[in-house]
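Here is what each chain is made of, one letter per residue.
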Amino acid sequence: MKNRAAEAAYPRFEARTTGTERMNGGRLSFAMRYRPLAARLLAAVLGLALCAMDGHGESPWSHPLLAGHLQAEAEDVDAFEVRMKWREAVRDSPDRFVTGFLVEETDTETLRDYYFDEEDRHLDEHERAALGIEEKDWTFPAVTRAPEYTRPTTASVKRAAPPHAADRASVPLLALSSLNEAVLRAEDATGLFNPAKGVRRIGVRRGFEAPVVVRGGEATEGAWRTRDDGGWLWALRIQSPGAIGVRLFFPVVDLPEGGAVFVYNAADPGEALGPYRAIPEGDQGLWTGTIFGDETLVELRLPADVDRGAAALEIESVAHQYVDPVADETLKRAGECHLDVSCYEAWQNEADAVAGIGTMGGSAMLWCSGALVSGGDSGEELFLTAYHCVNESNAPNTELYWFHQTDACGGRAPALSGVPRTEGGADFLVGQPDMTFGDVTLMRLRQTPPPGVRRLGWSSGPQAIGQEVATIHHPSGSFKRISFGGVEEMQAGSFRNPDAYYRVVWSEGSTEPGSSGAPLLTMDGGLLIGQLHGGEASCARPDAPDYYGQFRVSYPLLEPWLRFSRKEREIDEDVNRDGVVDARDLQLVINVVLGIPLPAGITEDDADVNNDGIVNALDIQQVINALLSGSNDNG
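Let us look at the structure shown here. Quantities reported herein were computed from a predicted structural model and do not represent experimental measurements. (Residues numbered from 1 in each chain as written. Predicted model: local features only at pLDDT ≥ 70, side-chain atom pairs only at ≥ 80, totals over all residues. Heavy atoms only, no water.)

**With respect to the nonpolar core**
Here's step 1: Core analysis: the biggest nonpolar cluster contains 80 residues, and Phe 383 and Leu 442 have the highest contact counts within it.
Here's step 2: Sorting elements by how many residues they give to this core places helix α7 (residues 551–562) first, with seven residues.
Here's step 3: The contacts of Leu 442, once residues within four sequence positions are left out, are Val 373, Leu 382, Phe 383, Leu 384, Asp 427, Phe 428, Leu 429, Val 430, Leu 558, Trp 561 and Leu 562.
Here's step 4: Membership of the second largest hydrophobic core comes to 29 residues, among which are Val 214, Trp 224, Ile 238 and Phe 250. (Core = buried A, V, L, I, M, F, W, Y, C linked by side-chain atoms within 4.5 Å. Buried < 20%, exposed > 50% of the residue type's maximum accessible area, 1.4 Å probe, protein only. Helix = DSSP H or I, 4+ residues; strand = E, 2+ residues; numbered from the N terminus. Contact = heavy atoms within 4.5 Å.)

Rendered as structure tokens:
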């Protein structure tokens, strides 16, 4: 999304870096969220990076829901500033969401969290906890999580498509009118559809004159017949002339036991999706994955021992894909400055974590970028992108395209139809709908990615001005590219919230619509530190900036999903193993950093508190955080 010059004072938002998950998984008490001056001075002496939520935030009057609640509580609305707004899924009900606000009382610098349900009702602490919504820790250390370059052996593999049960020639055809693609492409070229860098439109949604309804043993379109095994079969061909690919939307899938829906490429029976047996709980309908062709064959199959009148199925609309990213590439729709990621061997592990995102947004078929990230204890497949790409409404219909890249440096790019896909959608977990605060979405995939997919590591630490960075992305929905540049200082008045974003200028390569959501990566270790929000950069404007939401700003929201237990992380602040965490443990870590010999029985491995392979300021900070927590029990 394009940045806008700030029209009002937006918050300075520098995430704190001195809290942590405590040794027993506890949280900082509310009172401890503001560190004593001594802690600040100690950290400063040790050279730790400390940040604070300073500066000016948004007025609660910009958020009527929050302002109304403050008024109802007889609070002075003008005495507060909004530091963060987010949407979050209820832990055990991913189809239910709450809206959260982080608010600062400006006179006392006290932070408060406010939560509201989907009926705009304020949730107190007990109601929030009952929903599984954790209290956020707005103070945290600069946590680093290593990438994961091995995949589980249980990863799914592509299975053979079931054969057609119907003879295509005998199946009735429902054909839509031809689509005027020239008008759509003209809109895309002039920016009428999407004037900002963000999603790339690759298709449009098309409705029927009336929905296709199969109910009570009757059908408004298509035809029933009995199968050779005595079961029932309803079939219909649907054509959207000239489409490169199509998706179908089912608002109703209510089948008796043993019933299933399959969707085929009518011209290539080997391409099939399904079985679809029901709409996932909480979803408002079911989008199939993409069939690459302009004609699909839909089959509803029922076993012989059920009444066909018990089945209910509706097809409401078709998504018509008119953009072929590979063919468009030959027409130079993606700029000539883009760098083929296959030419950079050192970045192949990171490239294997990045995917293109196909999703339905309103009336359009959209494209963005994103990446699988190293997750938490649950082993869930967690995918990070921008909120303006994927949110709570369209996460269920996402499909991810993996390894859409050339087979060798300068080689041929595969067709989208030929790369592995993860369909079945995702569950939206948490994100920031107000672009002021970072523009991020974390979602959980419902299906396992294909073998060979990696997980990116990440860092919640602050990044310095001048730091070199990279991004891996799908410009204009084309095959995977890489760009290199550096973090630059925000220019006054140039962006809505300069402390929630990184300003990046590219020295090699660039980005385009379709790149949105792509990860910003450190040059050392390829760690994710942000996701692409938008900007003016392009091959035609090589010196223009892009803006990436800072991972460190969003981290308190993401942390409950990315968290690893103490056992998994092997964090142990009790360096000398005497049963307490105290100043002696801190001194031992400092001694290693300063090169001072350790006493007998203590090794540098003992001082590597966070177990990342190096003893540095992060280990010192980890011990300080344990001391500040008020706990000295190493149980």
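**So, the packing of aromatic side chains**
Aromatic ring pairs: the centre-centre distance and the angle between the two ring planes describe each pair.
Here's step 1: Per the stated rule, a full pass over the model turns up 16 aromatic pairs.
Here's step 2: Geometrically, the ring pair formed by Trp 224 and Trp 232 is edge-to-face, given 6.3 Å between the ring centres and 90° between the ring planes.
Here's step 3: You can call Trp 232 partly exposed: its relative accessible area is 24%.
Here's step 4: In this structure an aromatic cluster arises from ring pairing among Trp 86, Tyr 115 and Trp 138.
Here's step 5: Lying over the aromatic face of Trp 561, Arg 91 brings its terminal NZ or CZ to 3.7 Å of the ring centre.
Here's step 6: Its end group placed over the ring of Phe 262, Arg 301 keeps NZ or CZ at 4.5 Å from the ring centre. (Phe/Tyr/Trp six-rings, centres within 6.5 Å; stacked < 30°, edge-to-face > 60°. Lys NZ or Arg CZ within 6 Å of the ring centre and 35° of its normal.)

**Here we look at the packing of helix α9 (residues 583–594) against helix α11 (residues 617–628)**
Here's step 1: Across the interface, α9 lies against α11 with an axial gap of 9 Å and an inter-helix angle of 170°. Comparing their axes, α11 and α9 come out roughly antiparallel. Residues Ala 583, Asp 585, Leu 586, Val 589, Ile 590 and Val 593 of α9 pack against Asp 619, Ile 620, Val 623, Ile 624 and Leu 627 of α11.
Here's step 2: Residues that form the contact of α9 with α11 fall into these classes: nine nonpolar, no polar and two charged. (Axes fitted to C-alpha atoms, helices over the stretch in contact; angles between N-to-C directions. Parallel < 35°, antiparallel > 145°, perpendicular 65-115°, else oblique. Nonpolar A, V, L, I, M, F, W, Y, C, P; charged D, E, K, R; others polar.)

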